[in-house]
Amino acid sequence: MRFERLLQQAYCCDCTDKRDAVFAFLGLADKKLVLPAPNYTVPVGDEPEYDAAVDRVYYDTAVALLCNGPSLDALALAGITLSHRDGVPSWVPDLRYVCFEDPFTTVDKAFWNAGGPISNKAELVEPGKLKLRCSIVDTVDTVCAEFEWKSAVAHQEAMKGVMALASKLLRKPRSTSSFLLSTMNNNRGSGDNKEIGDGEEGNSVWLNKLVSILTCGLGIDGQPIGPEYRAFFDDWLRWLENNPSDEDFVKIYDNKFYRALTMRVESWRVFGTTHGFFCMGSGEVKVGDKVCIVPGCRFPLLIRPKTSCQNFTLPIDAILIYWCYVDGLMHGGWLDTNYADIELVLS
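Residues numbered from 1 in each chain as written. Predicted model: local features only at pLDDT ≥ 70, side-chain atom pairs only at ≥ 80, totals over all residues. Heavy atoms only, no water.

## Focus: the environment of K251
Line of reasoning, step 1. With respect to the helices and strands, the residue K251 is situated in helix α9 (residues 249-252).
Line of reasoning, step 2. Placed 12 residues apart in sequence, K251 and W239 show a C-alpha to C-alpha distance of 9.1 Å. (Helix = DSSP H or I, 4+ residues; strand = E, 2+ residues; numbered from the N terminus.)

## A short note on helix α5 (residues 152-169)
Line of reasoning, step 1. Relative to the 26 Å expected for 18 residues at 1.5 Å per residue, α5 spans 25 Å between its end C-alpha atoms, a close match to the ideal helical length.
Line of reasoning, step 2. Listed as buried for α5 are A152, A154, H155, A158, M159, V162, L165, A166 and L169. Buried residues of α5, viewed axially, fall in a sector of 150°; they line one side. Every exposed residue of α5 that faces more than 90 degrees away from the buried side is listed here: V153, K160, A164 and K168. (Expected span 1.5 Å × (residues − 1). Buried < 20%, exposed > 50% of the residue type's maximum accessible area, 1.4 Å probe, protein only. Arc of directions from axis to C-beta.)

## Structural notes on empty space enclosed by the protein
Line of reasoning, step 1. Using the criterion set out here, one finds 2 cavities of 30 Å³ or more in the structure.
Line of reasoning, step 2. Approximately 40 Å³ is the volume found for the largest cavity.
Line of reasoning, step 3. Residues that form the lining of the largest cavity fall into these classes: 7 nonpolar, 1 polar and 1 charged.
Line of reasoning, step 4. As a volume, the second largest cavity reaches approximately 40 Å³.
Line of reasoning, step 5. Counting residues per element, the lining of the second largest cavity draws most heavily on helix α3 (residues 54-68), which supplies 4 residues. (1 Å grid on protein atoms, 1.4 Å probe; cavity = no way out; pocket = protein on both sides within 12 Å on 5 of 7 lines; lining within 4 Å. Points joined across faces, edges and corners; volume = space filled by probe spheres on them. Nonpolar A, V, L, I, M, F, W, Y, C, P; charged D, E, K, R; others polar.)

## So, the state of the cysteines
Line of reasoning, step 1. The full count for this structure, using the stated rule, is 0 disulfides.
Line of reasoning, step 2. The thiol of C13 is not disulfide-bonded; the next cysteine sulfur, from C12, is found 6.3 Å away.
Line of reasoning, step 3. We note that C297 lacks a disulfide partner, and the nearest cysteine sulfur, in C292, lies 8.4 Å from it.
Line of reasoning, step 4. Overall, C297 belongs to the buried group, its relative accessible area being 0%. (Disulfide = S-S within 2.5 Å.)

## Details of the pairing of strand β3 (residues 123-126)
Line of reasoning, step 1. Judged from the 3 bridges that link them, β3 and strand β4 (residues 129-143) form a sheet pairing that is antiparallel. Residue pairing in the sheet places E126 in a bridge with K129 of β4.
Line of reasoning, step 2. Here β3 folds back onto β4, and the loop between the two strands holds 2 residues, one of which, G128, carries a positive phi near 85°. (Pairing = 2+ DSSP bridges.)

## Some details on the pattern of salt bridges
Line of reasoning, step 1. Counting across every chain of the model gives 19 salt bridges.
Line of reasoning, step 2. Residues K160 and E157 are paired through a salt bridge, measuring 4.0 Å at the closest nitrogen-oxygen approach. Highlighted residues: K160 and E157, both in helix α5, separated by 3 residues, approximately one helical turn.
Line of reasoning, step 3. A relative accessible area of 43% means that E157 is categorised as partly exposed.
Line of reasoning, step 4. Notably, a salt bridge pairs R230 with D234, separated by 3.0 Å at the nearest N-O pair. Pair noted here: R230 and D234 are both in helix α8 (residues 228-241), with a separation of 4 residues, about one helical turn.
Line of reasoning, step 5. Accessibility expressed as a relative area gives 19% for R230, which makes it buried.
Line of reasoning, step 6. Taken together, the shared-partner salt bridges connect R5, D73, D108 and R298 into one network. (Salt bridge = Lys/Arg side-chain N within 4 Å of Asp/Glu carboxyl O.)

Okay, structure coming up:
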């Protein structure tokens, strides 16, 4: 079994010794990949005593996966969204953090493959710094309020911004530039590049698209959503418009759109980019962050350059925020017309 999948489950588990978040799964891992093995002694009547520190175990595991593995998908398990601990690079999964997100199940069920096949493995250029190649898609310029599931007011604020941004970005093509049109044609068909008009029919088109985006196209059973989810969405919006209290969440819990939404984007934000990409990502996202595509990683990634990076001919020193959803790019196609020619150094 791919070790990334096992590490995803480790985020949901607790263990007395945090190094066992890696070591406990080694027996189930793909034997072709050389992973750090435990070096330990077992005092009589006591628990094993490992030689390596927790940070070192996680660091060596990330290096094994990203520098020697068959893909770079492990990047979707890392980022400052999941850990702010000093001394842990942003590209290293910190399994001391409890997280119930399930990115690999979602990527498989939805058939995402934003980065396509791997072209070059990542390279450790110095301790704590990982070099890889990427293509910068765009810059974040609009950020909506975070979805906070225990606050009805926060829901209302988030959806107010989401509806305004979706009405603006999902009605029309992102750009008339040839490379963006080519990408959209590859991914969604040339008909999707036409501006969506006003009126009931036009509103229905972009609202249906919004429902699909907010659920990642998947229902509560992990299967593709059907048209009934639009009706659930409309019911949910009406519930929000009635100014519910936090105690009223129990009244909407059976709504399948609401339940799918909480499964996919809890603590996330919807955001837009300079050239009109409609996206979802970590609550940590800020204006000025970059969306990038990395060959070999099925997820688009959010990064934060440490300095201004107007000149993309130079290496970009950045931290990894988390993976993200970018409408139109989840199934690939971007790298067909845009080279991964940017040298990215994550720290």
